[in-house]
Amino acid sequence: MNVDELLRDSLQEISDDGAHPPGDLADRALAVGKRRRTRRVAGAAAATVAAVAVAVGVPMLATGPDETSSAAAPRLASQDQQDDVVAHPDQSPPKDLIAAGDTALAAFTTQKRVKQPNRDEIITRTYGLLNQKTGTYEKTDKWAFLAVAPGMRTAAVLEGELPAKRIGLLDLATGKVDRWIPVEQGVGGVAFSPDGRKLVATTYDKNPDRLFWEHKMNVNGKDEPGQYPSRTGFTVIDFQSGEAEWHKAPTESDETGFPGNSREDFAFSHDGSLVYAHLITEPHREYYDLKGAKAPTPPEEKHLTYVEAGLSPDGKLAAGEFAGKGDEIASAVNDPRTGKLVAKVPAQQLLAWADNKRIIAWGCDPKKCDGKGEFRNQLLLVTVGSDKVVPLSDFRKANDDYPSRWTPVFAGRGYRG
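Presented here is a report on the structure given in the accompanying data block. (Residues numbered from 1 in each chain as written. Predicted model: local features only at pLDDT ≥ 70, side-chain atom pairs only at ≥ 80, totals over all residues. Heavy atoms only, no water.)

**So, the sheet that holds strand β23 (residues 358–363)**
Here we have four strands laid out as an open sheet, ordered β22-β23-β24-β25, and antiparallel in their pairing. Two strands in the sheet have a free side with no partner beyond their single neighbour: β22 (349–353) and β25 (389–391). Each adjacent strand pair in this sheet contributes to an overall mean axis angle of 35 degrees, direction not counted. Two strands pair when backbone bridges link them, and β23 and strand β24 (residues 378–383) are joined in this way by six bridges, in the antiparallel orientation. (Pairing = 2+ DSSP bridges. Helix = DSSP H or I, 4+ residues; strand = E, 2+ residues; numbered from the N terminus. Axes fitted to C-alpha atoms, helices over the stretch in contact; angles between N-to-C directions.)

Spelled out as structure tokens, the structure:
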């Protein structure tokens, strides 16, 4: 029996599974503050999942000119938009492609809490996902979770109530899933490597986006369903070799007994040689090698925190936290090896590097947002060493199609020649 037949048979067995959930349980963890978490190695026990032989083909994921110009890989809307900055400051949520430098808004998401019969709640997502044929964002609530590969040709998608038993590879030009990858350990989150040739899938015992009445918490004097951390480990999928390997890496409690956030997904390090789990408390990142062994923090990532933008592409600058004083709107840009302040940029929250000097951020032009408060913000492009602010979107708000505030999902724009 060949690989495609094996995949088909595996799909047949699980094709009827699933329902619908999601989410970024970023209730940012119950005001835990910055308690330092002491982490121990949970054991690097690695179980090899049978080689999945994902017949994806690197051209589908890669971002170079040879791949994107081939007949098998039609040109994408994100490549046709060759302007350095593609902005729509009159749109929120955005309708048309937004991009700056080497980075584009690949999708955005909104969330809502859906009550369950047993008093649990599930945080569900609605995505505005870029259609690479039209260059517009299309609404979908089909996926519980997704991540977009560099080059923006492919998204990895999870369906049904998490944890999912298969990962789909969605073609952003056709809107169809080209491959389903069966996994033995249930998956709750996915992230691509910087070169798009690997995928790390975070595994959970329970849905990381479900709030459990059995684990209720008291918020302002009222009981609400609470989080229940159940991370079991991670699987690294190599698209070139077709191998997938699961490694044990459960969530651990800190010294106060706080068990952590229910969603602590893995992502790749800046150079793709390691993976790390996002932590709410210090040290904010927990590193492992691709074989499942606990790894020391890379020197250039030692001073990174929860700030999403992380390192600049050349690794010489690190996005820092809010650094404004008084009425000043500013975020820090630091030396990644020393943690010392290099510059401030006029933004509230740094999200993604457009290139080695420019950053996509939440914020607002100081001339337009005086007295409006921190929650009146829009996507901006800011430049290290400059006060220049370029609006990329309109101010964030909800509407009838997306009835809550939207959160961006960025990806490498890919070859634009």
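On we go.
**Describing the pairing of β22**
Buried residues dominate β22, accounting for four of its five residues. In the sheet, β22 pairs with β23 via four bridges, with the strands oriented antiparallel. Across the sheet, the residue bridging to Gln349 is Trp362, located in β23. Where β22 folds back on β23, the antiparallel hairpin that results is connected by four residues. (Buried < 20%, exposed > 50% of the residue type's maximum accessible area, 1.4 Å probe, protein only.)

**Regarding the packing of aromatic side chains**
Counted under the stated rule, the structure contains eleven aromatic pairs. Ring centres 5.4 Å apart and planes at 40 degrees place the aromatic pair Tyr276 and Tyr287 in the tilted group. Here Tyr276, found in strand β17 (residues 274–278), pairs with Tyr287, found in strand β18 (residues 285–289); they are eleven residues apart in sequence, far enough to count as distant. Take Tyr276 and Tyr287: they sit in the same class, and that class is buried. Through a chain of ring-to-ring contacts, three or more aromatic side chains come together here, namely Phe108, Tyr137, Trp362, Tyr402 and Trp406. One Lys or Arg, Arg119, reaches over the ring of Trp213 and ends 3.8 Å from the middle of that ring. Cation over ring: Arg166 sits above Trp180, and NZ or CZ is 3.7 Å from the ring centre. (Phe/Tyr/Trp six-rings, centres within 6.5 Å; stacked < 30°, edge-to-face > 60°. Lys NZ or Arg CZ within 6 Å of the ring centre and 35° of its normal.)

**Observations concerning the sheet that holds strand β21 (residues 341–345)**
Pairing between the strands of a sheet is mediated by backbone hydrogen bonds and can be parallel or antiparallel. Taken together, three strands build an open sheet; the order of strands is β19-β20-β21 and the sheet is antiparallel. Single-partner strands in this sheet number two, and they are β19 (318–322) and β21. Direction aside, the axes of adjacent strands within the sheet are offset by 30 degrees on average.

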